Amino acid sequence: MFSLKLGLKNLTRQKRRNILIIFVIAFAFFGYLVMDSLMNGMEEMSFDNIKNYDTGNIQVVNPEYWEDREDLPLENLIYLNQDIVESIKKIEGVLGVSPELRFKANLNNGIDETAVIGLGISFDQYNEVFTTQNYIVEGSMFAPGELKAVIGVSLAELMDLKVDDYITLLVRTKDDTFNTIDVEIAGLVRAPNPMINNGIVFVPLDVAQQALNIGNGVSLLALKTVSGEEERISKSLTDNFKNKDLNLKPYSWKESASSVIALSAAKKGGIGTVLLVVLLIGMLGIINNVILSALERTEEIGMMKALGMREWEIVFVFMIEATGIGILGGLAGCLLGYIGVSWLVKYGFSIGYISGGDASGYGIPILDRIYGIWNYPAFTFLFILGIIIAVLSSILPSYWAAKKDPVKAIYHR
Amino acid sequence: MQKIKGFLLIGIVILFLFSNLTVISATELTAEEIIKKRDDNEYFDSVKIEAEMIIVSGGRKIIKTMVALSDKKNSFVEFTNPHDRGTKFLKREDNLWMFFPDAEEIIKISGHMLNQGMMGSDFSYQDIMESDKLTDLYNFKIIGEEEIEGRLCYVLEGVAREGVKVSYYRRVTWIDKERFIGLKEELYAQSGKLLKETKTNEIQEIEGRWIPVDSVMENKLRKNTYTGFKITLIEFNPEIPEGTFSLQNLR
């Protein structure tokens, strides 16, 4: 009890030094918690942006098409019939099915030309799966058969285009012959996924199919499903296609997000490094504090030993002091972290300095701001780990202090 | 013999090729025969060309110079103007590679890249890759006669044959009735939109052949842009060193 009281009393003896160490630990914890929140937020936003604006939860594709999908071929397409779409819609958990035709095109504004991805969509079905329509900032979407297009604001800026302007899409048909799609710009979109804004031209599905000479072919069917049910639905789809003898396969959105998933893995490594640095800072602070205290209290240690205090009791005194610093530093860090994460969750972190707020150039489909997310286990984990590190890192220097010869310690001058 | 398209290496300008001086009785010729006559004029074993490519886009004018060597199947071009010096292209049958000295890497041009303009010009890589005989690809018919720059021409329309892969669905060609050389050609998309137009500005008689030495291609989808092509030197059947058409020679 005496050791405990002495340890706690010692906490207040070197106020300035202890407060400094508490602050160092607190800021290290704060840095980790904010970083963790931001990284997890970035991952979640990236995944949401891929699912909600690009792939849907599941894509149904011909396996041969999937192999070459980066080249946007017009081979191995799905030739639509009502039966395919209806049978998919009947599967429990499927909320929408959107046929899409993806094709290469050169967008021409009469002066310049740039390579884009053409996306033939059926507007109503597209809306069942994607939320892009909510981000049309000017004009509107198009109706089937209308010779109209919707493009991203970034692409419009690049090509100096606005609503009601006319563009020509130069495409190659299935037979490799040049064809053109002359369309009026119906709307401009600014979706949270910058890849939608930069290089995609939405046109009515039937217009694209006609221009590309592919009948009623589509590249894929994008599905919106109940979140978390992808695996079960994929299995049902596989069985369904097998029964109908269709050469189709479901692919989860994760298979289209490999670059973001790779980034996410790298993120875990980055977070681990930050954690290591944080713990190292705490450790060095505690070790430094114990050594300094021991040096200052050499005579005191000698006196206590001479009066019969045992070594483990002296070690305990220092450990209590170190633990106290760890707890206070951890609490202050968690408090600062709470404030920082709250701010990130509410206001986000502006990435305006990265290519005008567009992180897609780095493989991250996020626009303008990255919002943090709450990771409560990280607070608990860091607080407990901080105390454990404080206790452990105080043992050796405390033992070094406690081992001093009482006579030499009293007369150490 | 394999046709070699164009005086810019790899057949950039297939449209203005070689004619002989034989005067044919025009009235007896069908559209196919006229095209065949023009195609026949394009055959040669090998050629060396020094030329200028003048790229004009939105008031900006860039001149690139080059040396091109071609045989029956292959072509090799090296750019010689200071800005592009060392940039090389190699066409071997249906394959095309390029070498940029800055990147120090050989790149195979395929897929969507073939649609891009060569060195920023209005000639796409695909244009220079087409090497099949036009009569195998298109059904031609005579749609009239017109005078261009004082020369009476056949006007022929070619529509892609069913099942063949061609870049341009329809082409309208003006062929000199006397020299059997293309003076103008319009290339159309399947939608009927005019995509490109080529015109011959100057023809010279060199070694007994009529050669279009100054021609222009316009991308009709873009305003204020065209690419001129001027031959400054042409040599038929030159000695081509061994290994000229090898990938090693690209570096």
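Residues numbered from 1 in each chain as written. Chains lettered and ligands numbered in written order. Predicted model: local features only at pLDDT ≥ 70, side-chain atom pairs only at ≥ 80, totals over all residues. Heavy atoms only, no water.

**A word on helix 1 (residues 31–41) of chain B**
Part 1 of the argument: When helix 1 of chain B is considered as a whole, its buried residues turn out to be Ala31, Ile34, Ile35, Lys37, Arg38, Asp39 and Asn41 of chain B.
Part 2 of the argument: Of the surrounding elements, those touching the buried residues of helix 1 of chain B are helix 3 (134–137), strand 7 (138–148), strand 8 (151–160), strand 9 (170–176) and strand 10 (182–188) of chain B. (Buried < 20%, exposed > 50% of the residue type's maximum accessible area, 1.4 Å probe, protein only. Helix = DSSP H or I, 4+ residues; strand = E, 2+ residues; numbered from the N terminus. Contact = heavy atoms within 4.5 Å.)

**Notes on the side chain of asparagine 106 of chain A**
Part 1 of the argument: The residue asparagine 106 of chain A is located in strand 3 (residues 94–108) in this model.
Part 2 of the argument: At 3.1 Å, the side chain of asparagine 106 of chain A and the side chain of glutamate 113 of chain A are in polar contact. (Polar contact = N/O pair within 3.5 Å; in protein donor to acceptor, adjacent residues only side chain to side chain.)

**As for the packing of aromatic side chains**
Part 1 of the argument: Summed over all chains, the structure comprises 16 aromatic pairs over all chains.
Part 2 of the argument: Residues tryptophan 66 of chain A and tyrosine 251 of chain A carry aromatic rings whose centres are separated by 3.9 Å and whose planes lie at 5° to one another, so their mutual orientation is stacked. Here tyrosine 251 of chain A lies in strand 12 (residues 249–252) and tryptophan 66 of chain A lies in helix 3 (residues 63–67), a separation of 185 residues in the sequence.
Part 3 of the argument: Exposure remark for tryptophan 66 of chain A: the relative accessible area of 8% places this residue in the buried category.
Part 4 of the argument: With centroids separated by 5.2 Å and ring planes inclined at 45°, the aromatic side chains of phenylalanine 178 of chain A and tyrosine 168 of chain B adopt a geometry described as tilted. (Phe/Tyr/Trp six-rings, centres within 6.5 Å; stacked < 30°, edge-to-face > 60°.)

**Looking at the packing of helix 12 (residues 311–347) of chain A against helix 13 (residues 376–402) of chain A**
The relative placement of two packed helices is expressed as an angle between their axes plus a distance between the axes.
Residue and element names in this part refer to chain A.
Part 1 of the argument: Where helix 12 meets helix 13, the closest approach of the two axes is 7 Å, and the angle between their N-to-C directions is 150°. In terms of their interaxial angle, helix 12 and helix 13 are classed as roughly antiparallel. Here helix 12 runs over helix 13; the crossing is right-handed.
Part 2 of the argument: The class makeup of the residues in the contact of helix 12 with helix 13 is 19 nonpolar, six polar and one charged. (Axes fitted to C-alpha atoms, helices over the stretch in contact; angles between N-to-C directions. Parallel < 35°, antiparallel > 145°, perpendicular 65-115°, else oblique. Left-handed = near helix turned anticlockwise from the far one by under 90°. Nonpolar A, V, L, I, M, F, W, Y, C, P; charged D, E, K, R; others polar.)

**What to know about the nonpolar core**
Burial of nonpolar side chains together is a common tendency in soluble globular proteins.
Residue and element names in this part refer to chain A.
Part 1 of the argument: Ile88, Phe103, Val201, Phe202 and Leu221 are the most contacted members of the largest nonpolar core, which has 70 residues in total.
Part 2 of the argument: No other element matches strand 3, which puts six residues into this core.
Part 3 of the argument: In contact with valine 201, other than residues within four places in its own chain, are Leu107, Val116, Ile117, Gly118, Leu119, Ala149, Val150, Ile151, Leu155, Ile167 and Leu169.
Part 4 of the argument: One finds Ile21, Ile22, Ala28 and Ile286 within the second-largest nonpolar core, a separate group that totals 35 residues. (Core = buried A, V, L, I, M, F, W, Y, C linked by side-chain atoms within 4.5 Å.)

**Observations regarding unusual backbone geometry**
Backbone phi values are negative for most residues with the exception of glycine, while trans is the configuration of most peptide bonds.
Residue and element names in this part refer to chain A.
Part 1 of the argument: Unlike most non-glycine residues, asparagine 213 shows phi in positive territory, near 55°.
Part 2 of the argument: One can find asparagine 213 in the loop between helix 8 (205–211) and strand 10 (217–218).
Part 3 of the argument: A relative accessible area of 32% places asparagine 213 in the partly exposed class.

**Digging into the interface of chain A and chain B**
Part 1 of the argument: Residue-level contacts link 22 residues of chain A with 19 residues of chain B.
Part 2 of the argument: Contact between chain A and chain B buries roughly 1700 Å² in total, counting both sides, with carbon and sulfur atoms accounting for 46%.
Part 3 of the argument: Per-residue buried area on chain A facing chain B is highest for Arg172, Thr177 and Phe178 of chain A; these three make up 29% of the total on that side.
Part 4 of the argument: For the interface between chain A and chain B, the tally reads two salt bridges.
Part 5 of the argument: In this structure, lysine 193 of chain B and aspartate 182 of chain A form a salt bridge, with 2.9 Å as the shortest nitrogen-oxygen distance.
Part 6 of the argument: For the pair chain A and chain B, the interface holds 11 residue pairs in polar contact (both at pLDDT 80 or more).
Part 7 of the argument: Of all the secondary-structure elements, those providing two or more residues to the side of chain A that touches chain B are strand 3, strand 4 (113–121), strand 7 (166–172) and strand 8 (178–189) of chain A.
Part 8 of the argument: Looking at the side of chain A that touches chain B, its residues break down into five nonpolar, nine polar and eight charged. (Buried area = accessible area lost by both parts, 1.4 Å probe. Salt bridge = Lys/Arg side-chain N within 4 Å of Asp/Glu carboxyl O.)

**Quick notes on the confidence of the model for chain B**
Part 1 of the argument: Overall, the prediction assigns chain B a mean pLDDT of 81, with 86% of residues at 70 or greater.
Part 2 of the argument: This stretch, residues 1–26 of chain B, has a pLDDT under 50; its non-local contacts, to residues over four places away or in other chains, come to 121 contacts. (pLDDT = per-residue confidence, 0-100.)

**Some remarks on a nonpolar patch on the surface**
Residue and element names in this part refer to chain A.
Part 1 of the argument: Residues Met1, Leu4, Leu8, Trp312 and Phe316 make up a contiguous nonpolar surface patch of roughly 540 Å² in combined accessible area.
Part 2 of the argument: Elements represented by at least two residues in the nonpolar patch include exactly helix 1 (2–11) and helix 12.
Part 3 of the argument: According to the relative accessible area criterion, phenylalanine 316 is partly exposed, its value standing at 32%. (Patch = residues over 30% accessible without salt bridge, like charges linked within 9 Å, V, L, I, M, F, W, Y side chains within 5 Å. Areas by Shrake-Rupley, 256 points an atom, 1.4 Å probe, with all protein chains shown as cover.)

**Let's talk about the side chain of arginine 17 of chain A**
Residues and elements named next belong to chain A.
Part 1 of the argument: Inspection of the secondary structure assignment puts arginine 17 in helix 2 (residues 15–55).
Part 2 of the argument: The exposure class assigned to arginine 17 is buried, which follows from its relative accessible area of 15%.
Part 3 of the argument: With sequence-adjacent residues up to four places away left out, arginine 17 is seen in contact with Asn289, Leu292, Ser293 and Glu296.

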